[in-house]
2 protein chains.
Amino acid sequence: MKSEVIAKLRKEIGDGKVHTSDDALDERRFDYWVVSHLQNWRGEELPRPGVVVRPESTEEVQAIMRVASVSKTPVVPYGLGSGVCGGIRPDPSVILVDLSSMNLVREIDETNLLASFDAGKQGLEAEEAVAALGLTIGHWPQSIAVSTVGGWVSTRAAGQFSTAYGNIEDIVYSIEAVLPNGDLVHLGKAPRAAAGPDLRHILLGAEGIMGIVTGVTLALRRQPEERAYSAFYTPSLAAGFDAQRAIVQSDWLPPVMRQYDASEVTRNFRDLTAETANDRGLLLMVHEGPASRVAAELEAVASIAAEHGLEAAPEELGPHWMNGRNHVPAWRDLFERNLIVDTIEVSASWSQIETIYDDAIASLLEVDSIIIASAHSSHVYRTGINLYFTFLARHEDSADMEATYLDCWRRVMEATARHGGGVAHHHGSGRLRKDYIVHDLGETGVSLLRSIKKAVDPHGLMNPGNLIPDE
Amino acid sequence: MKSEVIAKLRKEIGDGKVHTSDDALDERRFDYWVVSHLQNWRGEELPRPGVVVRPESTEEVQAIMRVASVSKTPVVPYGLGSGVCGGIRPDPSVILVDLSSMNLVREIDETNLLASFDAGKQGLEAEEAVAALGLTIGHWPQSIAVSTVGGWVSTRAAGQFSTAYGNIEDIVYSIEAVLPNGDLVHLGKAPRAAAGPDLRHILLGAEGIMGIVTGVTLALRRQPEERAYSAFYTPSLAAGFDAQRAIVQSDWLPPVMRQYDASEVTRNFRDLTAETANDRGLLLMVHEGPASRVAAELEAVASIAAEHGLEAAPEELGPHWMNGRNHVPAWRDLFERNLIVDTIEVSASWSQIETIYDDAIASLLEVDSIIIASAHSSHVYRTGINLYFTFLARHEDSADMEATYLDCWRRVMEATARHGGGVAHHHGSGRLRKDYIVHDLGETGVSLLRSIKKAVDPHGLMNPGNLIPDE
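Residues numbered from 1 in each chain as written. Chains lettered and ligands numbered in written order. Predicted model: local features only at pLDDT ≥ 70, side-chain atom pairs only at ≥ 80, totals over all residues. Heavy atoms only, no water.

**Concerning the sheet that holds strand β4 (residues 95-98) of chain B**
Residues and elements named next belong to chain B.
Step number 1: Spatially, β1-β2-β4-β3 is the arrangement adopted by the four strands of the open sheet, whose pairing is mixed. At either margin of the open sheet sits one strand with a lone partner, and together these are β1 (18-19) and β3 (75-78).
Step number 2: By the bridge criterion, two bridges tie β1 to strand β2 (residues 51-53) in an arrangement that is antiparallel. Considered in β2, the bridge of His19 is made with Val52. (Pairing = 2+ DSSP bridges. Helix = DSSP H or I, 4+ residues; strand = E, 2+ residues; numbered from the N terminus.)

**Regarding the environment of Gly16 of chain B**
All names here are of chain B.
Step number 1: Topologically, Gly16 is positioned in the loop between α1 (3-13) and β1.
Step number 2: Exposure remark for Gly16: the relative accessible area of 62% places this residue in the exposed category.
Step number 3: As a C-alpha pair, Gly16 and Arg54 span 38 residues in sequence and 8.6 Å in three-dimensional space. (Buried < 20%, exposed > 50% of the residue type's maximum accessible area, 1.4 Å probe, protein only.)

**Overview of the sheet that holds strand β4 (residues 95-98) of chain A**
Residue and element names in this part refer to chain A.
Step number 1: Spatial strand order, β1-β2-β4-β3: four strands in an open sheet with mixed pairing. The open sheet has two free edges, formed respectively by β1 (18-19) and β3 (75-78), since each of these has just one partner strand.
Step number 2: Set on the sheet, helix α4 (residues 58-71) makes contact with β2 (51-53), β3 and β4; between it and β4 the angle comes to about 170°. (Contact = heavy atoms within 4.5 Å. Axes fitted to C-alpha atoms, helices over the stretch in contact; angles between N-to-C directions.)

**A look at the domain arrangement of chain A**
Residues and elements named next belong to chain A.
Step number 1: For chain A, the domain assignment lists domain 1 (3-99), domain 2 (102-222), domain 3 (226-324) and domain 4 (331-418).
Step number 2: Contact residues are listed per partner, giving nine residues for domain 1 and 13 residues for domain 4.
Step number 3: Summed over both sides, the interface between domain 1 and domain 4 buries roughly 1200 Å², with carbon and sulfur atoms accounting for 69% of that surface.
Step number 4: Per-residue buried area on domain 1 facing domain 4 is highest for Val34, Leu38 and Trp41; these three make up 53% of the total on that side. (Domains from an automatic or database assignment. Buried area = accessible area lost by both parts, 1.4 Å probe.)

**Some words on the side chain of Asn112 of chain B**
Step number 1: Tracing the sequence through the fold places Asn112 of chain B in the loop between β5 (105-109) and β6 (114-118).
Step number 2: Judged by its relative accessible area of 2%, Asn112 of chain B is buried.
Step number 3: Setting aside anything within four residues of it in sequence, one finds Asn112 of chain B in contact with Gln249, Ser349, Trp350, Ser351, Arg382 and Thr383 of chain A.

**Digging into the packing of helix α17 (residues 438-456) of chain A against helix α17 (residues 438-456) of chain B**
Step number 1: Two elements in contact, α17 of chain A and α17 of chain B, have axes separated by 9 Å at closest approach and are oriented at 135°. Overall, the two elements α17 of chain A and α17 of chain B adopt an arrangement that is oblique. In this structure, α17 of chain A crosses over α17 of chain B, and the sense of that crossing is right-handed. Contact with α17 of chain A, carried on its side by Leu448, Ser451, Ile452, Ala455 and Val456 of chain A, involves Leu448, Ser451, Ile452, Ala455 and Val456 of chain B of α17 of chain B and no other residues of that element.
Step number 2: Looking at the contact of α17 of chain A with α17 of chain B, its residues break down into eight nonpolar, two polar and no charged. (Parallel < 35°, antiparallel > 145°, perpendicular 65-115°, else oblique. Left-handed = near helix turned anticlockwise from the far one by under 90°. Nonpolar A, V, L, I, M, F, W, Y, C, P; charged D, E, K, R; others polar.)

Here it is as structure tokens:
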């Protein structure tokens, strides 16, 4: 990092927002990707950004981008660092733009159900701001307390209530962003438009490679009149999927539908199911909406469940899940117990999903050090469903963990691709998954993405090395 | 058009699919834009494409695109010509690619509710193919019998049942397209993905400027168990909007919600409302879904309507609208009666929409020759609603019609933009609206669109002059 660049940044946004201390640089070397944490825990040297800037306004982000653009300095946008795919791995050539000081609620519009936030607003704070008015964003990623509204957009996040309320692309109304050329764009003006391609999608899921998201307006909901839970044991994953498919294809939409395999039932719900689970899976649902519709849905869902051979499970399971649902594991505790763990989310059509489950689990179980390979589904569509795999491996020597980790990932990615599934449901791609996205996009799709990236960021300044496979 | 290009096309796809007859060229000079029809009716010379090709496979489209690319010949994709914004205005330099011979149902997947069509498949035929299996696309543009599945994608179409079933971008699962460089892309693989930006949106709404859509896979629904209607008189547009807002913001979603102003009630529903309308507006709804949910919705909607001072209207209004809803007017009949007419669809937040209505109608009524200026809403969102204006003007001399027409458009576009609305709800932009989309995108957004267009189509071959404002 040239000292002139740092001096220029200080001049543009003020000394107090430009940080070069060891602490400031060390804290922002990586996101929540297990591999970075493992390397760090093992004492491997991870590169630091050249400088950390903490802008407090969109104008300051523009000023930073102009400095970067003129000096051809790479830029990495950073929210709260909760990404789990290695989207953040800066090096000393990089200006790291930490957006967490841009954390204002800009406006809440109760008539039109719109809320605008600075991109660095923490998710749970955003939700609480609208909840105080009887509203909800309806977007509940597990990371809600450690992620930002801008990060949701940049990673194409999905929330736990997505089956009825949609994923982030269904909730975003407009996006304010600074492009690599310094242009400020406001994309998304009206409830819906046919004014050319929807350019919000250049930034949704771009993981920092197209520009810096500085503000987000979300379309809210009124808090539901009623919430209810239902829970059923599934005699097999297949029976559970069939019941879920029947429910959503009959046009019932419980916001939450989660099916756990028997391994995860034992692990997560033992206290409540010890006497009744009998090695079965579990389908948990949360039902929300006007009371009369919730009542109708509960009745319909119970009837469909019975038709598919599902049996009622303890009622407390739903609230039990709700209370623990935002827990984020601490990697270090696991490393210290000789364990490495991760989750991998993929999606596929109803006809493909069981084969992907069987094949991925079988392949994971071939890994010598594997202790656990399991999955649940957590996001349901008319056309298919996701799977959220968990693997856990044990190594006495932590030097072996990284290779095992990458091998497990490769096995699940390849099993998914082999049977026609999509390799990335909602964690994004980062550096971890970038070599697999060709399975989704094809070679020509990757070329198209590369062309667009080059058009938006001709000098390749934005988060270099992330998301797009190397040529 | 150079004769070598035509010869090359003949060689690549066969003589029988390359047309240069007067009839073939004359028939495809323009789409359903009133201005083109007016000019043609008045005997003005409208340019013809240089050649018409009618490919029967994706491979043939690729071959055509390669010929165009090598010879730097412009290309205009053409479906059934039902666009109403002048997206089609070829000239003799152009290869017009008529996709209507690519009209196969490729696959209908009843398990995963997916149907794949050639892009040139006529909309109603596509719907009938899935309807035979108890399924529905759920996309009912007024043009359904005269538009193609590929055209729906290219124009970002909206259907009459959009309030529950979404617009085309919510229904499209994947898009197959030939890019200007000849690459074949398949965009959209899984029910949902976070594998970088969603590149389907490069083609959705591109109106032929980014490539040629050759195939579309749509996510279907099962036909609903129940359909019911409701109809209410609205004492004012404001009261009607408030009731609609209360309905959707309470999370009820009648697929169809249409509010007509008093002028349109008289014009469209006189036979059924002559004794009861009393210069009031009308809110029509269609309710669909599981029977128990429809029953709950009907009850809730009646109660919300009553709270907002709406009164029950004759029950036959819903079925009456359903039966006549796909009527498309014949411009020529109107010209012959000295009339010029068009519709203009915009959208805005709930707080903006009444002002836009008032201002646009007042402005239209300032036009000397205007006879009718009215509107209805037909697409509802949590955050706002659309308006679908109709204007009708009378000129003894048809030479005056075009100026009046453009003046009326300008008035509605400017009234919409002045109050913060979106200038294009679902007809697309074409050549008619391209100078107004800056109101939606901003100058920097237009620049971004231009950069992406240049990246995808560096030689500017695809539908030149369409959609993007001239520099």
